[in-house]
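Structure assessment
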Amino acid sequence: TQSDRLNRDILLLHELTHQWFGDLVTMRWFDDLWLKEGFAQYMAYETLSTLKPNENIWKRFYQAIKPAAYGIDSTPGTTPIYQEIPNLKDAKSAYGAIVYSKAPGVLKQLAFVLGDEKFRDGLRLYLKDHAYANAEWSDLVGAFEKVSGTKLGDWADAYIKRRGMPQVSVEWTCDAESGAIMVLLTQSDPLNEGTRWPIAMRVLLKHGYSGRVLTVNAQGSKTKFLYWLNGLCPRWVFANAEDQAYGRFLLDPVSRKAVTAELGGISDVFERTLLWGSLWDSVREADMDPREYVELALKSLPGEKDEALAQSIIGRTVFAQHKYVDEDARKIFASKMEKLAHERMLNAPEKDMRIVWFRALRSVAETEQGRGWVKDILAGKLAVPGVEVKPLDRWQMITGLVALKDPDAEALLAAEEKRDMSGEGRKYAYVAKAARASAEAKKEYFDGYMHDALRPEDWVEQSLGAFNSWNQASITLPYLKPALDALQQVKKERKIFFVLAWLNAFIGGQQSAEAQTQVQKFLVSAELDKDLKLKVLEVFDDLNRTVKIRAKYGAKAKE
């Protein structure tokens, strides 16, 4: 798809940017890793927005960068951007979403605060003053202060030296006669550590087919302002228009009701994307019934023309079906989603959308009818117009069928092993077999994870999700504690990002209060180094949210 191609562009530009950030000027030590990785990521998007101005690159930045940052930064496992790394063996702990996702998100906020010209001039001064040498974060902030005349101490302290992120809620009233609108913005710290962030944002007051966008600088817990909208009252208010700020921005109840009623008709795709993101945040905060989100998605997706946004909504909808809703609701939603995916992958006018919906069917197929369509694609009986089904697609479909214990899955797996005897084929066959829903298969694989040193690490890492398939939580629960107990060994023997993959698979594959209790007991009793404990807390946050959401919205869904 076009998004796949743009992601490739970003990768190339990210690595190219290291010629300046990480080569011409190199961070003094790994505690300032963000000075090269965060900048490389931000400048890749800045460059691509200039090279391809019609591609709505900052919308893609929001979709590709912000979720990973917010996903960790609202958890007890987060860290500041600047981390104290005592020695080289601890440098692994600096790599992750805080450096690669939060740092570029924070840089975007700083560019908005200073303005593009001052931001550019600050970077030029920083690169000039430290060319062919080392620098640290205070050198960068000093360069920005020098060219802009703006004191950035409070900003740097909040965003670079302290952990976490602001959560901003909105309250507003409007006098229908005068059109006087009183808006109250309240920021809180999800970690309850008392941090207050200076936030520069664009607040959208939406009325009619347009709206008024106001620049607002919030410095403390509460920011209030009064505005007159030519005798009109807005239908809804959103506090982070254009995504200039860094943080979680929730819709108030009146605005959320209006947005859910109008979402499909909002023509500005960036605005539409931000609002879908805010609604998902409400689901994650247990303020919105996940069934309401899925129903809205099923209603809106047939008319969604933006490939990247459709892909995001589909991914979150499938996640909600597999994690948050009860079994009866999931079965109803799965059937509807399968039918929608089948229809759209065959009939969507754009090839990119047909690819997106083909991938959707692959991930959501669960019922006999849905699995039948997948098997028809594998057999060549069903073709997606203009879409080539590649070997990896075939393996992913077969892995899904194996996980669901489809009666034809084992025969299809055996046939595919004969069909694809390449090195990659052998790896994907290993991944598919990890999805087998039997106690014997799980034991064999877990023993291999622990003791088979000859198994390539990428084989193991790619099999973890299949081992912990969403519908097999009861079979994999017995391996949660052994997986946690093995953390020290995993960290010692595996590469940088493997520990998070391990935790996301074994903790993330669970949804129950029983699993939650096991992790809580482990955190109390285990002697973990700081880095490992933070990673467990980071991933555990998602299980806590899942248990909370399922407990609050667990009533049976009605068709």
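Throughout what follows, the structure given in this document is the object of discussion. Position numbers for residues start from 1 in each chain and track the written sequence from start to end. Thresholds applied to this predicted model are a pLDDT of at least 70 for local features of residues and 80 or more for the giving and counting of side-chain atom pairs; totals over whole chains, interfaces and linings are not thresholded and use all residues. The basis for the side-chain values is all heavy atoms of the structure; hydrogens and waters are excluded.

**Quick word on the packing of helix α10 (residues 269-284) against helix α11 (residues 290-300)**
The following threshold applies: Note on method: axes are straight lines fitted to C-alpha atoms, helices fitted across the in-contact stretch only, with angles between N-to-C directions ranging 0 to 180 degrees. Counting from the N terminus, the helices are DSSP H or I runs at least four residues long and the strands are E runs at least two residues long. In this scheme, roughly parallel covers angles under 35 degrees and roughly antiparallel covers those over 145, while 65 to 115 is roughly perpendicular and the rest are oblique. Crossing chirality is assigned from the near helix's rotation relative to the far helix, an anticlockwise turn below a right angle marking it left-handed and a clockwise turn marking it right-handed. Every residue pair with non-hydrogen atoms within 4.5 Å of one another is taken to be in contact. Each residue gets one of three labels, nonpolar for Ala, Val, Leu, Ile, Met, Phe, Trp, Tyr, Cys and Pro, charged for Asp, Glu, Lys and Arg, and polar for the others, Gly among them.
Running from N to C, α10 and α11 cross one another at 155°; their axes reach a closest spacing of 9 Å. Considered as vectors, α10 and α11 are oriented roughly antiparallel to each other. Note on packing geometry: the crossing formed by α10 with α11 is left-handed. When α10 is examined against α11, the residues Trp276, Leu279, Trp280 and Val283 are found in contact with a partner set consisting of Pro290, Tyr293, Leu296, Ala297 and Ser300. A per-class count over the contact of α10 with α11 returns eight nonpolar, one polar and no charged.

**Some points on the sheet that holds strand β4 (residues 180-188)**
Here is the rule we go by: DSSP calls a pair of strands paired once it identifies at least 2 bridges connecting them.
With respect to topology, four strands assemble into an open sheet ordered β7-β4-β3-β9, the strand pairing being mixed. Looking along the sheet, the strands with just one partner apiece sit at the ends: β7 (222-228) and β9 (248-249). Taken together, the two bridges between strand β3 (residues 167-174) and β9 define a ladder with parallel strand orientation. Within the sheet, the bridge partner assigned to Val168 lies in β9 and is Phe249.

**A short note on a positive patch on the surface**
How we decide: What makes a patch is a set of residues exposed beyond 30% relative accessible area and free of salt bridges, joined within 9 Å when like-charged and within 5 Å when nonpolar (Val, Leu, Ile, Met, Phe, Trp, Tyr). Under the convention used here, a 1.4 Å probe and the Shrake-Rupley method define accessible areas, while residue burial counts only the protein chains that appear. Definition used for salt bridges: Asp or Glu carboxyl oxygen within 4 Å of a side-chain nitrogen of Lys or Arg. Positive charges come from Lys and Arg alone, negative charges from Asp and Glu alone, with His and the N- and C-terminal ends not counted. All charge positions are set by atom: Lys at NZ, Arg at CZ, Asp at CG, Glu at CD. Three exposure classes are used, based on accessible area relative to the maximum for each residue type with a 1.4 Å probe and protein chains only: buried under 20%, partly exposed in between, and exposed over 50%.
A surface patch of like charges, here positive, comprises Arg5, Arg8, Lys351 and Lys390. Residue classification places Lys351 among the partly exposed residues on the basis of a relative accessible area of 43%.

**Quick word on unusual backbone geometry**
Not every positive phi belongs to a glycine, and Tyr132 is a case in point at roughly 55°. Tracing the backbone shows Tyr132 in the loop between α6 (116-129) and β2 (133-135). Classification of Tyr132 by relative accessible area gives exposed; the value is 74%. Positive phi, close to 55°, is recorded for Asn192, a residue that is not glycine. Note on placement: Asn192 falls in the loop between β4 and β5 (199-207). Under the relative-accessibility criterion, Asn192 is labelled exposed at 70%.

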